[in-house]
Amino acid sequence: MRTLLVSRAPQFSPNSVEKDRMILEAVGRRLQAAGIATEYANEESLTRLHEADLILTMGRLPHTIQLLRQAEEAGVRVVNSARALSVFSRLNVESTMRRYGIPAAQMVDIDSPVESETGYWVKRGDMAAQSKGDVQYAQDAGQLRQVVSSFRERGIADIVVTTHEVGDLVKFYGVEGTDFFRITYPTDDGQTKFDDEKRNGQAHHYTFDVSVLHHDAERLSQLTGVSIYGGDAIVRADGTFAIIDFNDWPSFSRCREEAAAAIVGKLESYRIK
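Considerations on the sheet that holds strand β6 (residues 135-138)
Paired through backbone hydrogen bonds, the strands of a sheet run either parallel or antiparallel to each other.
Right, on to step 1. On the basis of which strands lie adjacent, the open sheet formed by three strands has the order β6-β5-β7 and antiparallel pairing. Only two strands of the sheet have a single neighbouring strand rather than two, namely β6 and β7 (159-163). Going across the sheet, the axis of each strand differs from the next one's by a mean of 20°, ignoring polarity.
Right, on to step 2. Inspection of the sheet shows strand β5 (residues 120-124) paired to β7 by five bridges, in the antiparallel sense. Bridge assignment links Y120 to a residue of β7, and that residue is T163.
Right, on to step 3. Its contacts with the sheet put helix α4 (residues 90-99) on β5, β6 and β7, and the angle it makes with β7 is roughly 45°.

Focus on the packing of helix α1 (residues 17-33) against helix α8 (residues 256-269)
Right, on to step 1. Running from amino to carboxyl end, α1 crosses α8 at an angle of 50°, the nearest separation of the two axes being 9 Å. If you check the angle between α1 and α8, you find them oblique. The way α1 lies across α8 gives a crossing that is right-handed. Contact residues: K19, M22, I23, A26, V27, R29, R30 and L31 in α1; R256, E257, A259, A260, A261, I263, V264 and L267 in α8.
Right, on to step 2. Each residue belonging to the contact of α1 with α8 can be placed in one class, and the counts come to eleven nonpolar, no polar and five charged.

A look at the packing of aromatic side chains
Right, on to step 1. Within this structure, the stated rule accounts for seven aromatic pairs.
Right, on to step 2. Here the aromatic rings of Y229 and F246 are separated by 5.4 Å at their centres, their planes lie at 25°, and the arrangement is stacked. Linking Y229 in strand β10 (residues 228-235) with F246 in strand β11 (residues 241-248), this pair joins segments that are 17 residues apart in sequence. Taken individually, Y229 and F246 each receive the classification buried, so the pair is uniform in this respect.
Right, on to step 3. The rings of F88, F172, F181, Y229 and F246 are connected pair by pair, giving a single aromatic cluster.

Re the environment of E165
Right, on to step 1. In this fold, E165 is placed in the loop between β7 and β8 (168-175).
Right, on to step 2. Judged by relative accessible area, which is 13%, E165 ranks as buried.
Right, on to step 3. Remark: the alpha-carbon pair of E165 and T118, spanning 47 residues in sequence, is separated by 7.2 Å.
Right, on to step 4. With residues near it in sequence (within four places) discarded, E165 still touches A105, Q106, N200, I234, R236 and A242.
Right, on to step 5. At 3.0 Å, the side chain of E165 and the side chain of R236 are in polar contact.

Basis of the calculations
Residues numbered from 1 in each chain as written. Predicted model: local features only at pLDDT ≥ 70, side-chain atom pairs only at ≥ 80, totals over all residues. Heavy atoms only, no water. Pairing = 2+ DSSP bridges. Helix = DSSP H or I, 4+ residues; strand = E, 2+ residues; numbered from the N terminus. Axes fitted to C-alpha atoms, helices over the stretch in contact; angles between N-to-C directions. Contact = heavy atoms within 4.5 Å. Parallel < 35°, antiparallel > 145°, perpendicular 65-115°, else oblique. Left-handed = near helix turned anticlockwise from the far one by under 90°. Nonpolar A, V, L, I, M, F, W, Y, C, P; charged D, E, K, R; others polar. Phe/Tyr/Trp six-rings, centres within 6.5 Å; stacked < 30°, edge-to-face > 60°. Buried < 20%, exposed > 50% of the residue type's maximum accessible area, 1.4 Å probe, protein only. Polar contact = N/O pair within 3.5 Å; in protein donor to acceptor, adjacent residues only side chain to side chain.

Next up, the structure:
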């Protein structure tokens, strides 16, 4: 069994290049300990797939996904699925949540926004954020128009706008089809990517049913085809929540070794030997 682990291009790991590298290496060590031949590749220099039987990928470049799709169509197991990654975007996730009744923040019509006392979030809808400018807060409709205009000036046509949710920001991490699901409060440990986590202030740790969040995250994982996932949710004071972000293969920096074990366990469920 030959396994290729593909790392993510730096532009898709803002402030997280080292963390992303470490989760991939943690998985690789466990595979090697199980006697599985393991090779690493950087997606920026990826030109072939080394005749791998199994490919684990954090890659997001269009060229990477094209190569991975070719491998997948030839019968190679690719995790996360290249077919899923080829259509995976923030806009797709937002649409999927609404179509299937998964709790989400209120979507806003850019051309005629509803009034929001709490403000708005403007996010690029075509792919994951690569810089702080790809996710911006607007306090009112006037500022919202300015931010949307700045996105369009940068050539970003797919834009997602939602109302700001008030409550505890909770980060969640999971591996679909396993018991692994963890939540953390970023304001507890101070780890932040763009400081947006501080918008709602220090977490109150409102009581909520984690199993319901797990269920909805698993459902979203299954619907999008992204089995190794992470995301953000806002937990309101009444215990309800809204999922505000969902990503393919996060860094799992707060639970790296547990996640690596769950990922390898997931591979075993595919009967990988």
